[in-house]
Amino acid sequence: MKKVLKRTVILMIAASMVVMTGCGDKQMQQEDSDVNSLLQEVTEKSVTNTEETSKETSKETAENISYDALLQGEAKLQTLDGKSVSLTELVGNRDVNYVIMDLDKDGEDELFILASPVSALIKNVDGEYKMIYDGCGYDVPINTDGLIGVLYAYPGDAPLHDIFRYTEFESGKKTSETVASWYDANENREMDAEDWFYLGENEKEVTMEEWLAVAGKFYEHRNDDIDWKVIAGKGSENSDNAALDTEGQLELLEKEAAVWQLSEEAHGDFTEATDFANYGFAVTDLDNDGMLEVIKSGWAGTGHYSMNYIYEVTAEGTLEAIDTSALEEMKSQPDLFMEGIRSADNADKNAYIVIDMEYGAGRNDYTYYEMRMENNRISLKPCQEPEAVDALLDNAFWFKDITAENLKKSYEGFCKTSASAANTSAGNTLTAKVHNDYFFTEGSKEYTYKVKNFFLEDPDEITVKLQLLANYENGDVYSLTVQYEDIPERTYSGMDRYALGTFYVTEDSIYMEEQCEKIPTEEEFLTDSMLIYSKSGKPQNPTDYETKIEEEGDNYKFSFWNPLVESGYYCNMTWTKDKGLTYFRNGFGAEADPIEIELK
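Residues numbered from 1 in each chain as written. Predicted model: local features only at pLDDT ≥ 70, side-chain atom pairs only at ≥ 80, totals over all residues. Heavy atoms only, no water.

Asker: How should I be thinking about the overall build of the chain in this particular structure?
Answerer: If you tally the helices and strands in the chain, you get twelve helices and 36 strands. Per-residue burial over the chain gives 48% buried out of 600 residues. Only carbon and sulfur atoms are counted for the fraction: they give 44% of the accessible area of the chain, which is about 29200 Å². (Helix = DSSP H or I, 4+ residues; strand = E, 2+ residues; numbered from the N terminus. Buried < 20%, exposed > 50% of the residue type's maximum accessible area, 1.4 Å probe, protein only. Areas by Shrake-Rupley, 256 points an atom, 1.4 Å probe, with all protein chains shown as cover.)

Set out below in structure tokens:
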């Protein structure tokens, strides 16, 4: 049994070392009396004369070398690969946590920055800022108890474990690294002699006493408080550069017109020397996030081929090109200017109907798409021809002359017509038909969840959107989707990790489909989907998964996992009476990129 588990542990060590980015809450662990006594022995042992000398030297002679110019954006630093970058170019718009202390034992202070998932140790060398360590969000500076350097401390589960990498420096150069890890083999959530202990890159197995002699101080100081100072990133709630109001954004669009305007002579970046038959601009807020967009759209040729570009105002007061590659993949892009943008006839205010009209001999072909703008990206999917609804953006709201008046008129027209379209279609808006005590009480709503783990990111909370999709004879269909900026880890093996599931809810049951491109029929839900809640406890689950149900008072806990491989997919959910989904966690057996959230 131990050999099998050990292979799992080694896989997790490898996975954990590969993803040494991001930042998560460090897990506090209970220590038994044996561990405390051994840690006390390690702590009380004298460090070597060299360590004591360098430690005292650090305290007594450390000079306050200035890093103000770098922190204030007035200077750049040299990265390990020789590039010259500013602090903002290194960390983006994130808040920067920093401390200034001697971490290389030369009596002069270094700058340590943490802007998860980025961390770095920077040294002022004769007025030039040079990076001497490039780390990740699990790194912290340490100068205590004989430890002087950078400590990487990664806490994990399945089973409970810690992985450490302690890096030492001397006079601006890395001199040594110590790697250590331990795993709670007996799963009692305490460190004891029955657990597994490893030292070195090759994971040499050692006894607990041998491990504590080397890594006991890493474990002891893994959760030490650090007196961080903070520089608010652009767009942060702590920043002086807060998001512009509507008037300010309209002024910015006019001021930065050179970014998005279309030259009459060369037609800008639409295409080279294209002779457009017609074109226009419109101001919108397609994703309803309060940040305005400007659309430029035009068509040319006998086939009326269209091209479209979208730019959005950012919280930093700049313009950002929206990813419209989904439009470019089509034979001809949707005719946003020629045919307008219509509201979708469902409850989703962020969904729009657009049309691609192809001209032919004696007939025109129309293809309809549902268009969305989410996470700075446009997406399209084919849809049926909608019932007649007024266009949100018809020719009345498009303009060619770039003036403050036209910008404002276009945006006000979009807002008023959008509201009117929503009110007009209210009679067709879906409403929930059934009530299930363990599902959410509202048909469509955004809920706030506290974040425990979210890939390699470190948000305190995220929004999860509940969307009512359809009504069937005996129940309602919903989707649950994470609302967060797009990151590389979102997609894994074709799976959209932000899509938490599509649910069919009846009065006494909840069925779930993990990933689906179209809404299953009622029969497909009842015969093929996973039954994740049932008053009768009736089992119905795909053969690929093992499942477990626990009922604790008003909480109904449902778990499923793939037993075929050790690193298989798993999902844990808690449904609470009169509240809905109160806990959700999914990921893979080696703890790769977990999502773990809790309803606030």
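After that view of the structure, there is still more to cover.
Asker: Got a minute to help me understand helix H6 (residues 208-220) in this structure?
Answerer: For the α-helix, the turn length of 3.6 residues means that residues three or four positions removed from each other point alike. With 13 residues, H6 should cover 18 Å at 1.5 Å per step; its first-to-last C-alpha distance of 14 Å lies more than 12% under that length. At Val214, H6 is bent by approximately 65 degrees, the largest bend along its length. Here H6 has its buried residues at Met208, Trp211, Leu212, Ala215, Gly216, Lys217, Phe218 and Tyr219. (Expected span 1.5 Å × (residues − 1). Bend = angle between axes of the 7 residues up to and from the residue.)

Asker: What should I look at first to understand the pattern of salt bridges in this one?
Answerer: Pairing is possible between side chains that carry opposite charge, provided their charged atoms lie close to one another. Per the counting criterion, the structure on display carries 14 salt bridges. The residue Lys557 makes a salt bridge to Glu552 at a minimum N-O spacing of 3.3 Å. Lys557 sits in the partly exposed class, given a relative accessible area of 26%. Exposure remark for Glu552: the relative accessible area of 40% places this residue in the partly exposed category. The network of salt bridges with common partners includes Asp104, Asp106, Glu110 and Lys123. (Salt bridge = Lys/Arg side-chain N within 4 Å of Asp/Glu carboxyl O.)

Asker: I tried to follow the sheet that holds strand S6 (residues 118-125) on my own but got confused; where do I start?
Answerer: The strands making up a sheet are joined through hydrogen bonds of the backbone, oriented either antiparallel or parallel. On the basis of which strands lie adjacent, the open sheet formed by seven strands has the order S3-S2-S7-S6-S5-S4-S15 and mixed pairing. For this open sheet the edge positions go to strand S3 (84-85) and strand S15 (229-231), each flanked by a neighbour on one side alone. Across seven bridges, the pairing between S6 and strand S7 (residues 128-135) is antiparallel. Within S7, the position partnered with Lys123 by the bridge is Lys130. (Pairing = 2+ DSSP bridges.)

Asker: Even after reading the chapter, I still don't get the pairing of strand S9 (residues 147-156), so can you show me in this structure?
Answerer: With ten of its ten residues buried, S9 lies for the most part within the structure. If you look at the hairpin formed by strand S8 (residues 139-144) and S9, you'll find two residues sitting between the two strands, and Asp145 has a positive phi there, around 55 degrees. The pairing of S9 with strand S10 (residues 161-170) spans seven bridges and is antiparallel. Bridging across to S10, Tyr152 finds its partner in Arg165.

Asker: In this structure, what is going on with the sheet that holds strand S14 (residues 204-206)? I would like to understand it.
Answerer: The antiparallel open sheet is built from six strands, whose spatial order is S8-S9-S10-S11-S13-S14. Of all strands in the sheet, those bounded by a partner on one side alone are S8 and S14. The sheet shows a mean angle of 30 degrees between the axes of neighbouring strands, direction not considered. As judged from the three bridges shared by strand S13 (residues 196-199) and S14, these two strands associate in the antiparallel manner. Looking at the pairing, Tyr198 lines up with Glu205 of S14. Along the sheet, H6 contacts S9, S10, strand S11 (173-183), S13 and S14; its crossing angle with S11, the most-contacted strand, is approximately 120 degrees. (Axes fitted to C-alpha atoms, helices over the stretch in contact; angles between N-to-C directions. Contact = heavy atoms within 4.5 Å.)

Asker: What is the right way to read the packing of aromatic side chains from this model?
Answerer: Remark: the centre distance and the inter-plane angle together describe each pair of aromatic rings, the angle taken between the planes. Under the defined criterion, the tally for this structure stands at 35 aromatic pairs. Centroid distance Trp182 to Tyr219: 6.3 Å. Interplanar angle 75 degrees. Geometry classified as edge-to-face. You can see Trp182 sitting in strand S11 and its partner Tyr219 sitting in helix H6, a full 37 residues away along the chain. Taking the relative accessible area as the measure of exposure, Tyr219 reaches 0% and is therefore buried. Taken together, the aromatic side chains of Phe439, Phe440, Tyr447, Tyr478, Phe503 and Trp575 make up a single cluster linked through ring pairs. The residue whose ring lies beneath Arg222 is Tyr219, and the NZ or CZ to ring-centre distance is 3.9 Å. Looking at Lys400, its charged tip hangs above the ring of Tyr279, at a distance of 5.5 Å from the centre. (Phe/Tyr/Trp six-rings, centres within 6.5 Å; stacked < 30°, edge-to-face > 60°. Lys NZ or Arg CZ within 6 Å of the ring centre and 35° of its normal.)

Asker: I would appreciate a short explanation of the nonpolar core in the present structure.
Answerer: Where a protein is soluble and globular, its nonpolar side chains tend to be buried together. Counting 40 residues, the largest nonpolar core has Met573 and Trp575 as its most contacted members. Discounting residues that sit within four places of it in the chain, Met573 has contacts with Met512, Ile532, Tyr556, Lys557, Phe558, Phe560, Leu581, Tyr583 and Phe584. Leu292, Ile341, Tyr369 and Met371 belong to the second-largest nonpolar core, a separate cluster that totals 38 residues. (Core = buried A, V, L, I, M, F, W, Y, C linked by side-chain atoms within 4.5 Å.)

Asker: Teacher, can you tell me more about empty space enclosed by the protein here?
Answerer: With the rule as written, the count across this model stands at two cavities of 30 Å³ or more. A volume near 60 Å³ is recorded for the largest cavity. Together, Met495, Asp496, Arg497, Ala499, Leu500, Met512, Glu514, Gln515, Tyr569 and Asn586 line the largest cavity. Elements with a contribution of two residues or more to the lining of the largest cavity: strand S28 (495-496) and strand S29 (499-505). (1 Å grid on protein atoms, 1.4 Å probe; cavity = no way out; pocket = protein on both sides within 12 Å on 5 of 7 lines; lining within 4 Å. Points joined across faces, edges and corners; volume = space filled by probe spheres on them.)

Asker: Would you mind going over a negative patch on the surface with me for this structure?
Answerer: On the surface, Asp245, Glu247, Glu251, Glu254 and Glu412 cluster together into a patch of negative charge. Broken down by element, the negative patch gets its largest block of residues, three residues, from helix H7 (residues 246-255). In this fold, Glu254 is placed in helix H7. (Patch = residues over 30% accessible without salt bridge, like charges linked within 9 Å, V, L, I, M, F, W, Y side chains within 5 Å. Lys, Arg positive; Asp, Glu negative; His and termini not counted. Charge placed at Lys NZ, Arg CZ, Asp CG, Glu CD.)

Asker: Just checking my understanding: could you explain unusual backbone geometry for this structure?
Answerer: Most peptide bonds take the trans form, and the phi angle of most residues other than glycine is negative. The backbone of Asp126 shows a phi angle near 55 degrees, a positive value even though the residue is not glycine. Phi at Asp145 is positive, roughly 55 degrees, even though this residue is not glycine. Tracing the chain through its elements places Asp145 in the loop between S8 and S9. On the basis of relative accessibility, which here comes to 18%, the residue Asp145 falls in the buried class.

Asker: What is the right way to read the pairing of S7 from this model?
Answerer: The side chains of a regular strand alternate, residue by residue, between the two faces of the sheet. Summarising the sheet, strand S2 (residues 77-78) and S7 pair through two bridges and their orientation is parallel. Bridge assignment links Gln78 to a residue of S7, and that residue is Lys130. The turn joining S6 and S7, which pair antiparallel and follow one another in sequence, is formed by two residues; a positive phi near 55 degrees is taken by Asp126.

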